[in-house]
Each structure stands twice: as structure tokens, then as C-alpha cells.
Amino acid sequence: MLKATLHWLFGPRHVWACLLVTAVALIFCLRPGTSEPVIRLTGLALQLLGVLTVAWGIAETRRFFGLPPLRSKVKAWLEAAPFRRSQTVSAVGHATLGAPTGKARGYGMHGPGENPTVESRLEALEKNLAVVHQRITGLEQEYDQELRSLSERIRAENGSLKAELGQVRGRLEGFGTGGVRVSAMGVVWLFLGLVLSTAGVEIAEWLR
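Residues numbered from 1 in each chain as written. Predicted model: local features only at pLDDT ≥ 70, side-chain atom pairs only at ≥ 80, totals over all residues. Heavy atoms only, no water.

## Some details on helix H3 (residues 36-64)
The end-to-end C-alpha distance of H3 is 42 Å, a good match for the 42 Å that 29 residues give at a rise of 1.5 Å each. Buried within H3 we find Ile39, Thr42, Gly43, Leu46, Gly50, Thr53, Arg62 and Phe64. Following H3 by one or two positions, Gly66 has its phi on the positive side, about 70°. (Helix = DSSP H or I, 4+ residues; strand = E, 2+ residues; numbered from the N terminus. Expected span 1.5 Å × (residues − 1). Buried < 20%, exposed > 50% of the residue type's maximum accessible area, 1.4 Å probe, protein only.)

## A word on the side chain of Thr53
Tracing the backbone through its elements, the reader meets Thr53 in helix H3. For Thr53, a relative accessible area of 6% translates into the label buried. Excluding residues within four positions of it along the chain, Thr53 makes contact with Val182, Gly186 and Trp189. (Contact = heavy atoms within 4.5 Å.)

## Let's talk about the packing of aromatic side chains
Across all of its chains, the model carries zero aromatic pairs by this definition. The ring of Phe28 has Arg31 lying over it, and the distance from NZ or CZ to the ring centre is 5.0 Å. (Phe/Tyr/Trp six-rings, centres within 6.5 Å; stacked < 30°, edge-to-face > 60°. Lys NZ or Arg CZ within 6 Å of the ring centre and 35° of its normal.)

## Section: the pattern of salt bridges
By the definition in use, this model includes two salt bridges. Across the salt bridge formed by Arg40 and Glu36, the nearest N and O atoms sit 3.0 Å from each other. Here Arg40 pairs with Glu36, and both are found in helix H3, just four residues apart, close to one helical turn. Residue class for Arg40 comes out partly exposed when judged on its relative accessible area of 38%. Owing to a relative accessible area of 21%, Glu36 belongs among the partly exposed residues under this scheme. In this structure, the salt-bridge partner of Lys127 is Glu123, at a minimum N-O distance of 3.4 Å. Of this pair, Lys127 and Glu123 both sit in helix H5 (residues 118-198), four residues apart, roughly one helical turn. The class for Lys127 is partly exposed, based on a relative accessible area of 38%. (Salt bridge = Lys/Arg side-chain N within 4 Å of Asp/Glu carboxyl O.)

## Here we look at the nonpolar core
Grouped together as the largest cluster of nonpolar side chains are 12 residues: Cys18, Ala25, Cys29, Ile39, Leu46, Met185, Trp189, Leu192, Leu196, Ile203, Ala204 and Leu207. Taken together, the elements giving at least two residues each to this core come down to helix H2 (13-29), H3, H5 and helix H6 (200-207). Residue contributions to this core peak at four residues, all from H5. Non-local contacts of Ile203, meaning those with residues more than four positions away in its chain, are made with Leu30, Ile39 and Leu196. (Core = buried A, V, L, I, M, F, W, Y, C linked by side-chain atoms within 4.5 Å.)

## Some words on the side chain of Thr34
Inspection of the secondary structure puts Thr34 in the loop between H2 and H3. One polar contact links the side chain of Thr34 to the main-chain carbonyl oxygen of Arg31, over a distance of 2.6 Å. Residue contacts for Thr34: discarding those within four places in its chain leaves Phe28, Cys29, Ile39, Ala204 and Leu207. (Polar contact = N/O pair within 3.5 Å; in protein donor to acceptor, adjacent residues only side chain to side chain.)

## Focus on the environment of Arg13
Of note, Arg13 is situated in helix H2. As a C-alpha pair, Arg13 and Arg181 span 168 residues in sequence and 9.5 Å in three-dimensional space.

In short, the description is geometric, and any link to function would need to be established separately.
Here it is in C-alpha cells:
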């Protein structure tokens, strides 16, 4: 029960963090007799926190989409400067070619013999018809087997794609919810910081 209560209480941690920082800043700068520079600097600190939340959101977005951090981009840009000493880079690679695979089929036909008669021709024709029927039956069985195998692969791929789509949808929903919370924190801090920095003189006069 206690664990569930704590989980429910501290679930919206972004809200609690925003309220805690806001309450500390307002208590610190809205005390009776607070000077105008203290109020203005408190507002500046809140604005900086709001800007940091924007940077945090950008970093989380890049991490979600698998992009490298900004510091690596800056490092690569600095290393590509033309005034830096050029370095010779050598690379060794190898490739392996697989053996080709394929299928081959062979069949034979029965002839009527050297001195064909009507009976030998009919016998050869019956044997050839049996060979053709056997070949047709074998091809049908082979095509049916390949069709079943293809259907099973399609079914398996469809199931894996549905599972991956569900995971991506869940990640997107979680990312969108977290991004909205971080942005809301930044908006609150930027708004309060702007008010304190702009109206610092009037607030100081009111607190005297």
C-alpha cells in the first residue's frame, strides 16, 4: 500500500519539480524588503532554467531518433577545419562472395524403339503420359510447398511488424508526453522569470 501510494504521489515528477523550483524562487524574492536586483536576478535565473529545458528537450529528441549528441557534431566540425594538419587515413577491407545456388530438373522420354509398331507407339505414349503426369504432380507439390513457406514468412513478418509498430507507438506516446511536460516547465519558468525581470522595480516598491 505504501509503495503504491508513493508511486502515485511522485508519478508526476515534472509537476513537482516545477512547483518546487517556482515556490523556492517566489519565497526567496518576494520576502518583505527584498531589493530590486535580487528580484531581477531571480527572474534571470528562472529564464535560464527555462532555456535549459529547451536544450534538454532538443537533446532528448535527438536521443530518441538515434542521432548523435550535439557535442559530437561540434567536435566533427572543429576537426574538419582546413587549418588543421591533414592526416592520412588508410583502410583495409575484404569481401566474401557466397557460392551461387540454384535448381536443376531433368526428365526423359520413352521412344517407340527402332522398328516401331502401333503397340510400341501406344506403349511409349502411355509411358510418356505417365512421365508428364508425374512431372505436373511434382511441380504442383513444389509450388504448393513454396506457397505455404511464403505464406508463413509473410505471416511471421506481419506479426513482427505489428509488434515493432506497437513498440514505436508506445515510445512515441511516452516521448510526446514527456516532451509536453518539459516544455510546460520551461514555459512556466520563462513566464515567471520575464515577469520578475521586467517588473522588478515595481515589485520591490510593493514589498517595502
